[in-house]
Structure formats: structure tokens, C-alpha cells
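Descriptive structure summary
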Amino acid sequence: MENHAASLLLLGVSHQTAPMAVREKLTFDPARAAALAERLRGLPGIREFALLNTCNRIELYSVTANSAASDSLRQVLSEITGCDPELLEDVVVPRQNHEAITHLFEQLHRRYREINIIF
């Protein structure tokens with residue numbers, strides 16, 4: 001029987017884990033984001049993905065079919081951004097499943113408080 005279990009994986013870089021120079025290397029303009037999406041669509045084990053890219057953080061969320069996906073995602077990030085894989089190892093914070101979801105909602109809560117709505 002084939003196992004269809006999936007995991008939510010987050011690879012994140014923020015102002016807390018990487019200096020500005022590294023975060024600048026990891027930023028995604030529309031062309032770079034399209035190149036990342038193209039590569040991720042062809043990556044075995046990656047079912048879905050989303051990229052959150054702000055001035056202070058880069059977060060790649062993915063639904064994965066296997067535990068080797070983290071290494072594959074890091075490799076693609078390295079290739080697309082030109083960042084050394086060892087550098088990514090030092091600054092990327094991985095989170096899975098509940099921890100990834102908790103982190104996402106914490107970030108959304110913080111950002112929501114910063115939004116001013118004017119009628």
C-alpha cells in the first residue's frame with residue numbers, strides 16, 4: 001500500500017537569523033520567483049508551495065511527500081539565488097507541520113496589528 005501522507009515544511013530566513021547582506025541575496029523579484037516556481041513544480045516530492053518575501057524575511061512553505069524534500073528545497077534555493085549551500089545551512093530555519101503553522105499564524109497576527117485601515 002502506497003503512503004500518501006504529506007508534511008508541511010517551512011524554510012525561513014529572517015532578520016533574526018541572517019544579516020541584511022544575506023537577506024538581500026535571497027530576495028525574490030517576479031522573475032526570480034517565477035524561476036523558483038518553475039523549478040519547484042518539477043521537484044519530486046513537492047506537492048504545493050508558497051513563497052512569502054518581505055523586507056525582513058523570506059519563507060518558503062511547501063507540502064512535501066517525503067523527508068528528503070528539505071534538502072532538495074535548500075538546493076533549489078541555493079541554485080536560484082546563488083547563495084552558497086553552507087551559508088543557507090547556517091541561516092535557514094526549518095519548521096514542520098504544527099510548528100510551521102504556528103509560526104505562520106504568529107507572523108500574520110504581528111503583521112495584522114501593523115496595518116492601518118482608513119475609511
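Heads up: the structure comes first, above all this text.
Residues numbered from 1 in each chain as written. Predicted model: local features only at pLDDT ≥ 70, side-chain atom pairs only at ≥ 80, totals over all residues. Heavy atoms only, no water.

**Let's talk about the pairing of strand β1 (residues 7-14)**
Quick note on the threshold: Buried means the residue's accessible area, taken with a 1.4 Å probe over protein chains only, is under 20% of the maximum for its type, while exposed means over 50%, and partly exposed covers the values in between. Think of it this way: any DSSP run of H or I at least four residues long counts as a helix, any run of E at least two long counts as a strand, and we number them from the N terminus. A pair of strands counts as paired when DSSP detects no fewer than two bridges linking them.
Across the eight residues of β1, six count as buried, placing the element largely inside the fold. Judged from the eight bridges that link them, β1 and strand β3 (residues 57-64) form a sheet pairing that is antiparallel. What sits directly across from L11, in β3, is L60. Pairing of β1 with strand β4 (residues 93-96) involves four bridges; the strand directions are antiparallel. Bridge assignment links L10 to a residue of β4, and that residue is R95.

**A few points about the environment of A35**
With respect to the helices, strands and loops of the structure, A35 is situated in helix α2 (residues 30-41). Taking the C-alpha atoms as reference points, A35 and I80, separated by 45 residues in sequence, lie 7.2 Å from one another.

**Focus on the environment of L88**
Among the structural elements, L88 can be located in helix α4 (residues 85-91). Judged by relative accessible area, L88 falls into the buried class, the value being 2%. Along the primary structure L88 and R74 are separated by 14 residues, whereas in three dimensions their C-alpha atoms are 7.2 Å apart.

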